[in-house]
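# Results of the structural survey
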Amino acid sequence: MFTMSRRQFTKSAASAALLSAAGPLGNSRAYSAETITAVEWGGKYLEGIEAVAAKQSNVNINWQRHAGGAMVIMSKIKATWPKPGIDLLAGWDPNFQMIAAEGWAEPVTLDKVPNLANIPQRLLVKDSAGNIVNIPRAIGSAFWAYRKDLTPFEITKIEDLLDPRLKGKICWPVPSLGSNLQMVGLALHKGGDERNLEPAWDFMKELARSGNIGRVANADQDVTTSISTGETSIIFATSYTAVDLARNFKFQYLNKMNKETGFRTFVYHEGWSVLKGGNTKAAFEFANFATGPENNSYFAQKSGSGLPANVKSQIPEDAKPFALTNEDMERYVYIPDWSYLSTQGSSWMQRWEQEIVPLL
């Protein structure tokens, strides 16, 4: 008869448990969480995506924050490529256009991200080889808005920004923040476009001389702080920022104004790219988890990012003012050449510093 001592039994049981956890081939990684490094925006965005991440345990995430506008990190990636140390990069249209041009993205497929089947195809960005480089998670918009309690009169046209009653009331983003859409809007109203900003530069000089710009924003947090403290009351911002501020203040959104007023709305999408050379499998796994119908809606609700990209997701109540019908798209929206915008950041910032800053 086979017998085993208590000590031998304990040792044998522990070994069996270890082998079981490691799997039949002794690969313990198959049963332990993978770790990725992800770059995300701060504030409600980070809080929202962390809340989504907390609902799963397969992927651990080392979160890093964007410093400044989302395009700032692109030069850092270029300088450290092919080892940028980033697995999952949060970005928007200009980022994805540059990523596609540089060939930095691991191709996205339905096998890797099954939830891509429920995301509008028009949001997908492809590289020269036809590979999808992005995983959309939210549809947002950028437009003018103002705090009703601190703005002395109803703003109805872009020329109102020059009114002396708005002394120090405007928070103006630098060209590197938001791809300079605020100046593209000015150019459109004055007969130009993103490729011809001269009319916008002329208006910008007049506005700078007026003294109505009370704060120049270098990052989204500058916008939020300036408006929240009452330093300024008028902003050009994203739906994300507007929703965040509207939780505490009464706002007038100028996102559905006739083109003749000069106030244009810009629609964009944001999401992720999985960069080559890192833990791509785990990055895709988390991105797919986060863009499922329920989680995508949960993220939109927690972060205020805008409309969920997944068509099966419910739209959060505070995002409904930014929903646009096909007719609205025709009447109020301009979609710029994102690829072109992504190449102009440095030159526009240089011109801003040389021609506008001295006038402020």
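Up top is the structure.
Residues numbered from 1 in each chain as written. Predicted model: local features only at pLDDT ≥ 70, side-chain atom pairs only at ≥ 80, totals over all residues. Heavy atoms only, no water.

## Brief notes about the overall build of the protein chain
Short version of the rule: Secondary structure follows DSSP: runs of H or I at least 4 residues long count as helices, runs of E at least 2 residues long count as strands, and numbering of each begins at the N terminus. We call two residues in contact when some of their heavy atoms are within 4.5 Å. Here, Shrake-Rupley sampling with a 1.4 Å probe gives the accessible areas, and only protein chains in the shown set may cover a residue. When charges are tallied, Lys and Arg are placed among the positive residues and Asp and Glu among the negative ones, while His and the ends of the chain are skipped. To locate a charge, the coordinates of NZ of Lys, CZ of Arg, CG of Asp or CD of Glu are taken.
The number of helices and strands found in the protein chain is 13 helices and ten strands. When its C-alpha atoms are laid out on the principal axes, the protein chain stretches across 100 × 40 × 40 Å. Taking contacts inside the protein chain between residues at least 6 apart in sequence as the whole, the part at least 24 apart equals 75%. Of the roughly 16,900 Å² that the protein chain leaves accessible, carbon and sulfur atoms contribute 50%. Computed over 37 positive and 36 negative side-chain charges, the separation of the two mean positions in the protein chain equals 6 Å.

## A look at the environment of Trp81
Here Trp81 lies in the loop between helix 3 (72–80) and strand 3 (88–92). Distance in space between the C-alpha atoms of Trp81 and Trp172 is 33 Å, their sequence separation being 91 residues. Excluding anything up to four places from it in sequence, Trp81 contacts Gly103, Trp104, Leu275 and Lys276.

## Quick look at unusual backbone geometry
A cis amide bond links Trp81 with the next residue in sequence, Pro82, at an omega value of 15°. Inspection of the secondary structure assignment puts Pro82 in the loop between helix 3 and strand 3. The backbone phi angle of Ser179 is positive, close to 60°, even though this residue is not glycine. Assignment of secondary structure puts Ser179 in the loop between strand 5 (170–173) and helix 5 (181–189).

## A look at the side chain of Ser313
Keep this limit in mind: Exposure categories follow from relative accessible area, calculated using a 1.4 Å probe and restricted to protein chains: below 20% of the type maximum is buried, above 50% is exposed, and the middle band is partly exposed. Definition of a polar contact: a pair of N or O atoms within 3.5 Å, with one able to donate and the other able to accept a hydrogen when the atoms are protein atoms, and with sequence-neighbouring residues admitted only if both atoms are side-chain atoms.
Among the structural elements, Ser313 can be located in the loop between strand 10 (307–308) and helix 11 (326–332). Here Ser313 falls in the buried class, since its relative accessible area comes to 11%. Here Pro293 takes part through its backbone oxygen, which lies 2.7 Å from a polar atom of the side chain of Ser313. Beyond its immediate sequence surroundings of up to four residues, Ser313 is in contact with Gly292, Pro293, Asn296, Ser297 and Pro308.

## Here we look at the packing of helix 7 (residues 220–229) against helix 8 (residues 239–246)
The cut-off we apply is this: Angles shown run from 0 to 180 degrees and are taken between the N-to-C directions of axes, each axis being a line fitted to C-alpha atoms and, for helices, limited to the stretch in contact. We call two directions roughly parallel when the angle between them is under 35 degrees, roughly antiparallel when it is over 145, roughly perpendicular when it lies between 65 and 115, and oblique otherwise. Note: crossing handedness is left-handed where the near helix turns anticlockwise from the far helix by less than a right angle, and right-handed where it turns clockwise. In the scheme used here, Gly and all other residues not listed as nonpolar or charged are polar, with Ala, Val, Leu, Ile, Met, Phe, Trp, Tyr, Cys and Pro taken as nonpolar and Asp, Glu, Lys and Arg as charged.
At their nearest, the axes of helix 7 and helix 8 sit 11 Å apart, and the two run at 30° to each other. Taken together, helix 7 and helix 8 sit at an angle that is classed as roughly parallel. The two elements helix 7 and helix 8 cross, and the hand of that crossing is right-handed. Counting all contacts with helix 7, which are made through Val223, Thr224, Ile227 and Ser228, the residues of helix 8 involved are Thr241, Asp244 and Leu245. Split into classes, the residues belonging to the contact of helix 7 with helix 8 amount to three nonpolar, three polar and one charged.

## Some thoughts on helix 8
Along helix 8, seven of the eight residues are buried, which leaves the element largely enclosed by surrounding structure. Every buried residue of helix 8 is listed here: Ser239, Tyr240, Thr241, Ala242, Val243, Asp244 and Leu245.

## Some remarks on the packing of aromatic side chains
To keep it simple, the criterion reads: Only rings of Phe, Tyr and Trp enter the pairing, Trp through its six-membered ring, and a pair is recorded when the two centres are within 6.5 Å. The plane angle decides the type: under 30 degrees is stacked, over 60 is edge-to-face, the rest tilted. We call a charge positioned over a ring when the NZ of a Lys or the CZ of an Arg lies within 6 Å of the ring centre and within 35 degrees of the ring normal.
Following the criterion strictly, the structure yields 16 aromatic pairs and no others. Ring geometry for Phe236 against Phe266: centres 6.2 Å apart, planes inclined by 70°, an arrangement best described as edge-to-face. Taken together, the residues span a long stretch of sequence, with Phe236 in strand 7 (residues 234–238) and Phe266 in strand 9 (residues 266–274) at a distance of 30 residues. A residue is classified by how much of its surface remains accessible, and Phe266, at 1% relative accessible area, is buried. Over the aromatic face of Phe153 sits the side chain of Arg165, whose NZ or CZ is 4.0 Å from the ring centroid.

## Focus on the pairing of strand 9
Note the threshold: Two strands form a pair only when DSSP identifies at least two bridges running between them.
Summarising burial for strand 9: nine of the nine residues are buried, a large majority. Both strand 3 and strand 9 contribute to a ladder of five bridges, which runs antiparallel. Within strand 9, the residue paired with Gly91 across the bridge is Gly271.

## Quick word on the pattern of salt bridges
Defined as follows: Salt bridge, as used here, is a side-chain nitrogen of Lys or Arg placed within 4 Å of a carboxyl oxygen of Asp or Glu.
This model, assessed by the stated rule, comprises 19 salt bridges. Between Arg137 and Glu270 there is a salt bridge; the shortest N-O distance is 2.6 Å. One end of the pair, Arg137, is in strand 4 (residues 135–147); the other, Glu270, is in strand 9, with 133 residues separating them in the sequence. For Lys320, the salt bridge identified is with Glu317, shortest N-O distance 3.1 Å. Taken together, the shared-partner salt bridges connect Glu198, Lys205, Arg351 and Glu355 into one network.

By themselves, these observations are geometric and do not establish any function.
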